[in-house]
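Read off the chains here:
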Amino acid sequence: MSATTSAYDDTAFRKIDIDALEEDYVTDAELYDVDPRSPEQALADAQAKQDGARNLLNRGDAAGALALILSEPPYGPTVEDAKNITIQALLSILSSTRTSDIPNLVRALDPEQQDTLMKYIYKGMALPGAESSGSVLLSWHEKLTEVAGTGCIVRVMTDRRLV
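Cut-offs used in this document
- Residues numbered from 1 in each chain as written.
- Predicted model: local features only at pLDDT ≥ 70, side-chain atom pairs only at ≥ 80, totals over all residues.
- Heavy atoms only, no water.
- Helix = DSSP H or I, 4+ residues; strand = E, 2+ residues; numbered from the N terminus.
- Buried < 20%, exposed > 50% of the residue type's maximum accessible area, 1.4 Å probe, protein only.
- Contact = heavy atoms within 4.5 Å.
- Areas by Shrake-Rupley, 256 points an atom, 1.4 Å probe, with all protein chains shown as cover.
- Phe/Tyr/Trp six-rings, centres within 6.5 Å; stacked < 30°, edge-to-face > 60°.
- Lys NZ or Arg CZ within 6 Å of the ring centre and 35° of its normal.
- Axes fitted to C-alpha atoms, helices over the stretch in contact; angles between N-to-C directions.
- Parallel < 35°, antiparallel > 145°, perpendicular 65-115°, else oblique.
- Left-handed = near helix turned anticlockwise from the far one by under 90°.
- Nonpolar A, V, L, I, M, F, W, Y, C, P; charged D, E, K, R; others polar.
- Core = buried A, V, L, I, M, F, W, Y, C linked by side-chain atoms within 4.5 Å.
- Patch = residues over 30% accessible without salt bridge, like charges linked within 9 Å, V, L, I, M, F, W, Y side chains within 5 Å.
- Salt bridge = Lys/Arg side-chain N within 4 Å of Asp/Glu carboxyl O.
- Expected span 1.5 Å × (residues − 1).
- Polar contact = N/O pair within 3.5 Å; in protein donor to acceptor, adjacent residues only side chain to side chain.

Participant: Hey, could you go over the overall build of the protein chain for me, with residue numbers and the actual values?
Facilitator: Within the protein chain, the regular secondary structure consists of 10 helices and 0 strands. Considering the protein chain as a whole, with its 163 residues, one finds that 36% of them fall into the buried category. Across the protein chain, contacts joining residues at least 24 apart in sequence account for 73% of those joining residues at least 6 apart. With the model as given, the accessible surface of the protein chain reaches about 10,100 Å², and the carbon-plus-sulfur share is 53%.

Participant: Kindly report on the packing of aromatic side chains, identifying the contributing residues and their values.
Facilitator: A complete count under the given rule lists 0 aromatic pairs for this structure. Looking at R161, its charged tip hangs above the ring of Y75, at a distance of 4.9 Å from the centre.

Participant: Run through the packing of helix α8 (residues 111-126) against helix α9 (residues 134-148), naming residues and quoting values.
Facilitator: Two elements in contact, α8 and α9, have axes whose closest approach is 10 Å; the angle formed by their N-to-C orientations is 155 degrees. With respect to α9, the element α8 is oriented roughly antiparallel. α9 is crossed by α8, and the crossing has left-handed handedness. Along its contact with α8, which presents Q114, L117, M118, I121, Y122, G124 and M125, the element α9 presents L137, L138, W140, H141, L144, T145, V147 and A148. For the contact of α8 with α9, the class distribution of residues is 11 nonpolar, 4 polar and no charged.

Participant: I'd love a proper account of the nonpolar core, names of residues and values included.
Facilitator: Counting residues in hydrophobic clusters, the biggest one holds 29 residues, and the most contacted among them are L66, L70, L90, L94, L117, I121 and W140. If you list the elements that add at least two residues to this core, you get α4 (39-58), α5 (62-70), α6 (80-95), α7 (102-107), α8, α9 and α10 (150-158). By residue number, the principal contributor to this core is α6, which donates 6 residues. In this view, L90 contacts L66, I69, L70, L117 and Y120; residues no more than four positions away in its chain are not counted.

Participant: Residue-level account of a nonpolar patch on the surface, with values.
Facilitator: Together, I16, I18 and L21 make up a nonpolar patch on the protein surface, roughly 340 Å² of accessible area in all. Within the fold, I16 resides in the loop between α1 (2-9) and α2 (18-21).

Participant: How would you explain the pattern of salt bridges if you had to name every residue and give the values?
Facilitator: With the rule as written, the count across this model stands at 8 salt bridges. Measuring nitrogen to oxygen at the nearest pair gives 3.3 Å for the salt bridge that ties K83 to E80. Remark: E80 and K83 occur in helix α6; sequence separation between them is 3 residues, near one turn of the helix. Take E80: its relative accessible area is 36%, and that puts it in the partly exposed class. Look at the salt bridges and you will find they share partners, linking D35, R37 and D45 into a network.

Participant: I'd like a description of α8, backed by residues and values.
Facilitator: The first and last C-alpha atoms of α8 sit 23 Å apart over 16 residues, in line with the 22 Å expected at 1.5 Å per residue. The complete set of buried residues in α8 reads Q113, Q114, D115, T116, L117, M118, K119, Y120, I121, K123 and G124. Those residues of α8 that are buried lie in contact with α5, α6, α7, α9 and α10. One side-chain oxygen at the N-terminal end of α8 lies 3.1 Å from the backbone nitrogen of E112; it belongs to D110.

Participant: Can you break down the side chain of D115 residue by residue, with the values?
Facilitator: Assignment of secondary structure puts D115 in helix α8. A distance of 2.8 Å separates a polar atom in the side chain of D115 from a polar atom in the side chain of R155. Excluding its chain neighbours within four sequence positions, the residues that come into contact with D115 are C152, R155 and V156.

Participant: Describe the packing of α4 against α5, naming the residues involved and giving the relevant values.
Facilitator: The interhelical angle for the contact between α4 and α5, taken along N-to-C directions, is 170 degrees, at an axis separation of 7 Å. Classed by the angle they form, the pair α4 and α5 counts as roughly antiparallel. Together, K49, Q50, G52, A53, L56 and L57 of α4 and A62, G64, A65, L68 and I69 of α5 make up the contact between the two elements. Class assignment of the residues belonging to the contact of α4 with α5 gives a composition of 7 nonpolar, 3 polar and 1 charged.

In short, the description is geometric, and any link to function would need to be established separately.
Okay, here's the thing in structure tokens:
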């Protein structure tokens, strides 16, 4: 009986990393193109977009500010500072927009910008302290889903490029 119990006690086979042995192991870098900009250049671009969006917003051009922020978003693991600046700028645009203006602003965006906006909405919901902007993000999510459809949600959930 001791021979059979010792066979069950041997769990060394569970410590083998099968992914390391597999030839078709896929990394995240192979699934999408990383942002070609250096982290410093992406940060400078994000700060310039933030300033430009603030100026457009002060002039009452929320559509221009939104389009500016959503153009060429920073992707990849090396541009976290640029991502943080961009999400903060976008949250200020979303928070300063009247609810009645949201559908027209969303319709003015092309489908790629709508998908990027949905990514930022989900990222904003995941941020700590999102309670203050939660209702704003939910209203934008509702209006964006009405205009772009549920396909927008599916594309965002399956896209590996995180903002």
